[in-house]
Amino acid sequence: LKRAEEGLRDAQMTLAHVTRVATLGEMTASIAHEINQPLGALVNNANACLGWLSTENLEEVRNSVELMLDDAQRVTEIITRVRSLVKKAPPQKDWLDINQMIREVIGLARNEMQRNGVALETQLSDDMPLVFADRIQLQQVMLNLMMNAIEAMTQVTTPRELLISSEADDSKGVVVVVRDSGPGLDSKSLERLFEPFYTTKPQGMGMGLAICRSLIEAHGGRLWATTNAPHGAVFQFTLPIGSVKVS
Ligand SMILES: Nc1ncnc2c1ncn2[C@@H]1O[C@H](COP(=O)(O)OP(=O)(O)OP(=O)(O)O)[C@@H](O)[C@H]1O
Ligand SMILES: [Mg+2]
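Just so it is clear, the model here is predicted, and its values are computed rather than measured.

Peer 1: Any chance you could explain the site of ligand 1 here in plain terms?
Peer 2: With respect to spatial proximity, 20 residues lie near ligand 1, and among them Asn148, Asp180, Thr199, Thr200 and Lys201 are the closest. Take asparagine 148: an N or O atom from its side chain is 2.8 Å from an oxygen atom of ligand 1. A distance of 3.3 Å is found between an oxygen atom of ligand 1 and a backbone nitrogen or oxygen belonging to glycine 208. Against a free-state accessible area of 600 Å², the protein chains account for coverage of 90% of ligand 1. Class assignment of the residues belonging to the shell around ligand 1 gives a composition of 10 nonpolar, seven polar and three charged.

This is the structure:
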């Protein structure tokens, strides 16, 4: 299991090298906010530290300094993450079989699904045109959506079902749907899901969906979320017909 998890992490790390294509401008406010929080805490702890120093309470001094190191570490992590996103790497577009791309990502996530008792169903249309797209970037989108679905379903004890489907038609282009039976999305989440740094997970960075959306939009497509009746969430993306050809 340990090794399976490491394998998945490696695969995710490879995929994470993918560039964030959209302008950094739209993210600046969120990034500033995210960095200001630990910086504010750092200043508070530094002031507290000065106070403890004047009363020579070394125990509290040590305590404050440790908190300051944690805050500094947090800022470093945020900056590392942001830098890896803005590294310029031009997309490598090629004619792709979307179903094959989906199967590859299912292979990467298989252990994670088994470990969490998730049953997978696929409905991949065998009438799919090839799409002109960056394979690694689309894999990253799929992996992010699947990992989110798996993570969401760990919160429920009802059957954990993941449905992945693909289809294509002249008006909509190619449509890929990831549907789960997790807790679903409340209206507040629905509004904020795609914002950078919006997360409800203790270990989350909240970058997954923001990156997914910018990658899909860079391909001329759309990515959106809806709720799944009676429970769960549905994420779907389209790729435009203009970028497809009949195989
Ligand atoms: N399938 C889903 N079901 C329910 N909630 C979801 C689902 N996918 C995403 N969310 C909600 O949207 C939030 C943002 O997702 P996003 O992928 O952007 O960040 P994250 O998963 O929290 O962190 P990370 O940066 O590691 O991906 C999640 O924290 C979760 O609250
Ligand atoms: Mg995520």
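Peer 1: Would you take a moment to explain the environment of leucine 42 for this structure?
Peer 2: By secondary structure assignment, the location of leucine 42 is in helix 2 (residues 28–54). Once the C-alpha coordinates of leucine 42 and serine 64 are considered, the two residues, 22 residues apart in sequence, prove to be 9.0 Å apart. Ignoring any residue separated from it by four or fewer positions in sequence, one finds leucine 42 in contact with Met68, Asp71 and Ala72.

Peer 1: How should I be thinking about the pattern of salt bridges in this particular structure?
Peer 2: Oppositely charged side chains can form a pair if their charged atoms are brought close together. Throughout the structure, instances matching the rule amount to seven salt bridges. Where glutamate 151 meets lysine 201, a salt bridge forms, and the shortest distance between an N and an O atom there is 2.5 Å. On the criterion of sequence distance, the pair formed by glutamate 151 in helix 5 (residues 135–153) and lysine 201 in the loop between helix 6 (187–192) and helix 7 (208–218) is long-range, its members being 50 residues apart. Lysine 201 gets classed as partly exposed once you look at its relative accessible area, which sits at 32%. Salt bridges linked by common partners bring Glu167, Asp169 and Lys172 together as one network.

Peer 1: Sorry, what's going on with the nonpolar core here?
Peer 2: The nonpolar side chains of a soluble globular protein tend to be buried, and buried together. Ile98, Ile102, Met142, Met146, Leu162, Phe235 and Phe237 are the most contacted members of the largest nonpolar core, which has 50 residues in total. Looking at this core element by element, the count peaks at 10 residues for helix 5. Per-domain counts for this core show at least three residues from each of domain 1 (24–86) and domain 2 (93–245). Setting aside chain neighbours within four positions, we find leucine 162 in contact with Met113, Val118, Ala119, Leu120, Glu121, Met146, Ala149, Met153, Val178, Arg179 and Asp180.

Rules used in this analysis
Residues numbered from 1 in each chain as written. Chains lettered and ligands numbered in written order. Predicted model: local features only at pLDDT ≥ 70, side-chain atom pairs only at ≥ 80, totals over all residues. Heavy atoms only, no water. Near = heavy atom within 4 Å. Polar contact = N/O pair within 3.5 Å; in protein donor to acceptor, adjacent residues only side chain to side chain. Areas by Shrake-Rupley, 256 points an atom, 1.4 Å probe, with all protein chains shown as cover. Nonpolar A, V, L, I, M, F, W, Y, C, P; charged D, E, K, R; others polar. Helix = DSSP H or I, 4+ residues; strand = E, 2+ residues; numbered from the N terminus. Contact = heavy atoms within 4.5 Å. Salt bridge = Lys/Arg side-chain N within 4 Å of Asp/Glu carboxyl O. Buried < 20%, exposed > 50% of the residue type's maximum accessible area, 1.4 Å probe, protein only. Core = buried A, V, L, I, M, F, W, Y, C linked by side-chain atoms within 4.5 Å. Domains from an automatic or database assignment.

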